[in-house]
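Below are the chains, spelled out letter by letter.
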Amino acid sequence: MSGFLQSLPRIGSYRSLPYAVSSLAITVPVAPFAFAVAVAFPADSRIRAVIALLALAVLMGLLGLLGPVRRLSIGLANALLGTGLPAPARRPDAGSRLRSGLWLALHTAASGVLLTGLAFLGIMLFVPLAWPTGGQARITFFRNDVPLGVWTIPFGLAMVFLALVLAAAATIGFRVGATTLLGPSAAELSAAAEQRAAVLAQRNRLARELHDSIGHTLTTSTIQAAAAAELVEADPAQVRRALGTIEEASRSALEDLDHVLGLLREEPAAKEPTRTLAEVDVLAVRAREAGLDVRLTVTGPVAALPAAVSREGYRIVQEGLTNALRHAGPGEVDVRVEAGPDRLAIAVVNALPGERPRTGRHGLAGLAERVEALRGELDAGPDDGRWRLSATIPLRAGA
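Residues numbered from 1 in each chain as written. Predicted model: local features only at pLDDT ≥ 70, side-chain atom pairs only at ≥ 80, totals over all residues. Heavy atoms only, no water.

Trainee: Quick question: what am I supposed to make of the sheet that holds strand β4 (residues 332–339) here?
Mentor: Strand pairs in the sheet, formed through backbone hydrogen bonds, run parallel or antiparallel to each other. Judged by pairing direction, the sheet is mixed, and its 5 strands sit side by side in the order β3-β4-β5-β7-β6 without closing on themselves. Since the sheet does not close on itself, it has two edges, and those belong to β3 (293–299) and β6 (377–383), each with one partner. Taken over all neighbouring pairs, the strand axes of this sheet differ in orientation by 10° on average, direction set aside. Note: β4 against strand β5 (residues 343–351), 7 bridges, orientation antiparallel. Bridging across to β5, V337 finds its partner in I346. Its contacts with the sheet place helix α12 (residues 307–328) against β3, β4, β5 and β7 (386–394), and it is angled at close to 5° to β5. (Pairing = 2+ DSSP bridges. Helix = DSSP H or I, 4+ residues; strand = E, 2+ residues; numbered from the N terminus. Axes fitted to C-alpha atoms, helices over the stretch in contact; angles between N-to-C directions. Contact = heavy atoms within 4.5 Å.)

Written out as structure tokens, the structure is:
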């Protein structure tokens, strides 16, 4: 109770006033229809008034079923009550529409009660004003003839206090009601969670693309540039070949980067680069030019692999060669790609890196996600004195 009383002086406690006025403003185009319904009934004025109020509540409830009105109600609650409700779904379900209609009807009724009560308390403030002016000595109060006196001063203060309490309590009630009836339904929360999961999955995929493509290019280009700097005078022809490799790798990385940035901006991007195992020999050539002794063995109908499997297979080989360059240094690397009738098997074997870390956790985690998404298996670790990165991806269900 003390906390409630302490909140009375705060301006935010009286947000119910503009919110109630906004509710009555919405009833303006609907009220004539409610009065028309009441006039159609042969009854006295009091019964017609009740019928008009009931008809108004029903019409406001029906109006709240509309999607634009639901969005308007949520916007008003956020702006005038500070509720912070999320934006409604573009296509709300039936339950959300019904709750929205119920809230609009209750909001309208509660606003009428609030403003009527405040108007009554405002009229009561004239009681203490009548005594000091000396205009009259007595006042009719609830059909009783009451003499005016000093009691009117605390009476007026009590009316002010009651008005503040009523406005603050109405604000709390409006906030609770708006949060309960205008908040997202379970289906909307589930849809929002699925959308967030899809966005996170997309971001992870883009991060993998950048890591694989840009990381491979930077590693290759760095090694090529270092070699070119040492041979710039002794072997100009080799330097030109190194610069050509850097140019080609950079152009390929720029295509990947342009595609990823287009997705991040949510704008029509260029056609997604399609790098498949049909181009695995290009990876081998670039790795050889960077100093690796790559022995590439490709067996089976690689060109006939499903597009998704072939793309991920290319990235696996690319990551394996990049890690060999980065951590093991120049040396022999065996790359085997075997496309069988039921599965695709890839193995990249190179010298152990010694004391240096074998691979960054992001690269290996990204490969694991790629392979897992295709229901495959990934293994990385020492094997008979060398480092082996192997992946097996099934090509058919149950394989």
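There's plenty left to go through after this.
Trainee: So what exactly am I meant to see when it comes to the nonpolar core here?
Mentor: Of all hydrophobic cores here, the largest spans 30 residues; its most connected members are L277, L292, V317, L321, V335 and L344. Within the residue set of this core, elements represented by two or more residues are α11 (280–289), α12, β4, β5, α13 (361–373) and β7. No other element matches the 7 residues that α12 contributes to this core. Setting aside anything within four residues of it in sequence, one finds L344 in contact with L277, L305, V309, V337, E338, A339, A391, T392, I393 and L395. If you look at the next biggest cluster of nonpolar residues, it comprises 22 residues, including Y19, V30, L85 and A178. (Core = buried A, V, L, I, M, F, W, Y, C linked by side-chain atoms within 4.5 Å. Buried < 20%, exposed > 50% of the residue type's maximum accessible area, 1.4 Å probe, protein only.)

Trainee: Explain helix α5 (residues 67–81) here, please?
Mentor: Side chains that are three or four residues apart share a direction in an α-helix, a result of its 3.6 residues per turn. Helix length check: α5 (15 residues) gives 21 Å between terminal C-alpha atoms against 21 Å at 1.5 Å per residue, within 8%. Listed in full, the buried residues belonging to α5 are G67, V69, R70, S73, I74, L76, A77 and L81. Trailing α5 by a residue or two, G82 shows a phi angle of about 70°, which is positive. (Expected span 1.5 Å × (residues − 1).)

Trainee: Looking at this model, I keep getting lost on the pairing of β4. Mind explaining?
Mentor: On a regular strand, each side chain points to the face opposite its neighbour's, so the side chains alternate between the two faces of the sheet. Pairing between β3 and β4: 7 bridges, direction parallel. Within β4, the position partnered with D293 by the bridge is E332. Between the end of β4 and the start of β5, which pair antiparallel, lie 3 residues.

Trainee: When you look at the packing of helix α6 (residues 94–124) against helix α8 (residues 152–182) in this model, what are you seeing that I'm missing?
Mentor: What describes two packed helices is the angle between their axes and the distance between those same axes. Across the interface, α6 lies against α8 with an axial gap of 10 Å and an inter-helix angle of 175°. With respect to α8, the axis of α6 lies roughly antiparallel. Each residue belonging to the contact of α6 with α8 can be placed in one class, and the counts come to 19 nonpolar, 6 polar and 1 charged. (Parallel < 35°, antiparallel > 145°, perpendicular 65-115°, else oblique. Nonpolar A, V, L, I, M, F, W, Y, C, P; charged D, E, K, R; others polar.)

Trainee: Would you mind showing me how to read the UniProt feature "transmembrane region" (unreviewed entry) in the chain here?
Mentor: UniProt's entry tags residues 20–40, 47–66, 101–131 and 151–174 with the feature "transmembrane region" (unreviewed entry), counted in the numbering of this structure. Along residues 20–40 one finds 81% helix and 0% strand; the C-alpha atoms at either end are 29 Å apart. For residues 151–174, the end-to-end C-alpha separation is 34 Å, with 96% helix and 0% strand making up the annotated structure. (UniProt positions renumbered as here; feature names shortened; annotations may be inferred.)

Trainee: Please explain the environment of E372 as it appears in this structure.
Mentor: Residue position: E372 is located in helix α13. Placed 20 residues apart in sequence, E372 and T392 show a C-alpha to C-alpha distance of 10.0 Å.

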